[in-house]
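Residues per chain, in single letters:
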Amino acid sequence: MAYSVNFTKKAFKSLGKISEPYYSNIKDALTDLSKEPRPNGYKKLKGRAAFRIRVANYRIIYRIQDDILLIDIIDIGHRKDIYKRKH
């Protein structure tokens, strides 16, 4: 079954600032997440109930709600900045 994907305001804004070809790659990864929320290479983040996947030098931070088939995209950003931000 496919999961619905919701974006926080911060994640949606961050996605809009990413240039090509990374933008297309991230969009493809988000589409794939709706089909498989735990793809190869996903990691559980320490200290919070969230996961991350890598797309080149970018990271997508997200939460999975299996009971209602929902994925909340918390933030998207470059690997050097993403973990310093407040979520």
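Right above here is the structure, for reference.
Below, the structure is looked at part by part.

Reading guide: rules and limits
- Residues numbered from 1 in each chain as written.
- Predicted model: local features only at pLDDT ≥ 70, side-chain atom pairs only at ≥ 80, totals over all residues.
- Heavy atoms only, no water.
- Phe/Tyr/Trp six-rings, centres within 6.5 Å; stacked < 30°, edge-to-face > 60°.
- Buried < 20%, exposed > 50% of the residue type's maximum accessible area, 1.4 Å probe, protein only.
- Helix = DSSP H or I, 4+ residues; strand = E, 2+ residues; numbered from the N terminus.
- Arc of directions from axis to C-beta.
- Contact = heavy atoms within 4.5 Å.

Right, let's get into the packing of aromatic side chains. Tallied over the full model, the rule gives 4 aromatic pairs. Residues tyrosine 42 and phenylalanine 51 carry aromatic rings whose centres are separated by 5.5 Å and whose planes lie at 50° to one another, so their mutual orientation is tilted. Residue classification places tyrosine 42 among the partly exposed positions, given a relative accessible area of 30%. Taken together, the aromatic side chains of Tyr42, Phe51 and Tyr62 make up a single cluster linked through ring pairs.

Now for helix α1 (residues 9-16). Those residues of α1 not exposed but buried are Ala11, Ser14 and Leu15. What you see down the axis of α1 is that its buried residues fit within an arc of 100°, all on one side. Seen from the buried face of α1, the exposed residues on the opposite side, beyond 90 degrees, are Lys9, Phe12, Lys13 and Gly16. Tucked into the core, α1 has its buried residues touching β1 (4-7), α2 (22-35) and β5 (70-78).

Function cannot be inferred from these measures alone, as they are strictly geometric.
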